[in-house]
Amino acid sequence: NRCIIKNFDINIKIMNYENNSSKSKGYGVLCSSNFGARGANNVIKDCTVHCNNMGDGAGGIVGSHAGFEGSLVISGCTYIGNLNMMYSDGYTSCGGITGNNLGEKGRVLIYNCKTLGHIYCNYSGGICAENVGANGGIVVISNCTMAGNIKGDSAMERGSGGICGGYCGIDM
């Protein structure tokens, strides 16, 4: 509860050649997966991450399942770099700001955040990866931008989006 992360600027090169390794899934470059899970009043503010590689479900600022059954505010954060996958099995997802399953069964507010770079993977989003607000979660995204091209597949429900990846608001 009440974990506050602010004013960080991280430049990192992630290299992992273990294909489909659990070590490369769901992490956050700045904050780990499950940040703010089952906790209240957690904040990530005014942080910047420079990076070009992601693992499945990963996020530039925070990893997968952030805000799960808890509350989290992310504001003024920036991801600079392309959203590339370290490996690809055809079903991969990542987000410039957050990883997958953001706010599942919880409450999350993201505002004044931006991603500057291109998306090269399926189901991914410039701000959030897939499954945002799953299973009754409440996620509000306001005044956020993504500047770049989206090159993930858009056919056969493999859509990538400038803000959110596939399956937002889904009940699983």
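Please refer to the structure higher up on the page.
Computed from a prediction, not measured in an experiment: that's the story for all the values here. (Residues numbered from 1 in each chain as written. Predicted model: local features only at pLDDT ≥ 70, side-chain atom pairs only at ≥ 80, totals over all residues. Heavy atoms only, no water.)

### Concerning the packing of aromatic side chains
Argument step 1. Taken as a whole, this structure holds 1 aromatic pair when the rule is applied.
Argument step 2. For the ring pair Tyr123 and Tyr167, a centre distance of 5.9 Å and an interplane angle of 20° mean the geometry is stacked. Residue Tyr123 is found in the loop between strand 10 (114–116) and strand 11 (138–142), and its partner Tyr167 is found in the segment after strand 12 (145–147); the two are separated by 44 residues along the sequence.
Argument step 3. A relative accessible area of 31% means that Tyr167 is categorised as partly exposed. (Phe/Tyr/Trp six-rings, centres within 6.5 Å; stacked < 30°, edge-to-face > 60°. Helix = DSSP H or I, 4+ residues; strand = E, 2+ residues; numbered from the N terminus. Buried < 20%, exposed > 50% of the residue type's maximum accessible area, 1.4 Å probe, protein only.)

### Focus on the sheet that holds strand 2 (residues 9–11)
Argument step 1. Pairing within the open sheet is parallel, and its 5 strands lie in the order 2-4-7-10-12. Only two strands of the sheet have a single partner each, and these edge strands are strand 2 and strand 12. The average angle at which neighbouring strand axes cross in this sheet is 10°, direction not considered.
Argument step 2. Sheet topology note: the strand 10/strand 12 ladder contains 3 bridges and is parallel. In the sheet register, Lys114 faces strand 12, and the bridge partner there is Thr145. (Pairing = 2+ DSSP bridges. Axes fitted to C-alpha atoms, helices over the stretch in contact; angles between N-to-C directions.)

### Notes on the side chain of Thr115
Argument step 1. Residue placement: Thr115 occurs in strand 10.
Argument step 2. Setting aside anything within four residues of it in sequence, one finds Thr115 in contact with Tyr79, Gly96, Ile97, Gly126, Ile127, Thr145, Met146 and Ala147. (Contact = heavy atoms within 4.5 Å.)

### Focus on the state of the cysteines
Argument step 1. All chains considered together, the criterion is met by 0 disulfides.
Argument step 2. With no disulfide partner, Cys121 has as its closest neighbouring cysteine sulfur the one in Cys94, 3.3 Å distant. (Disulfide = S-S within 2.5 Å.)

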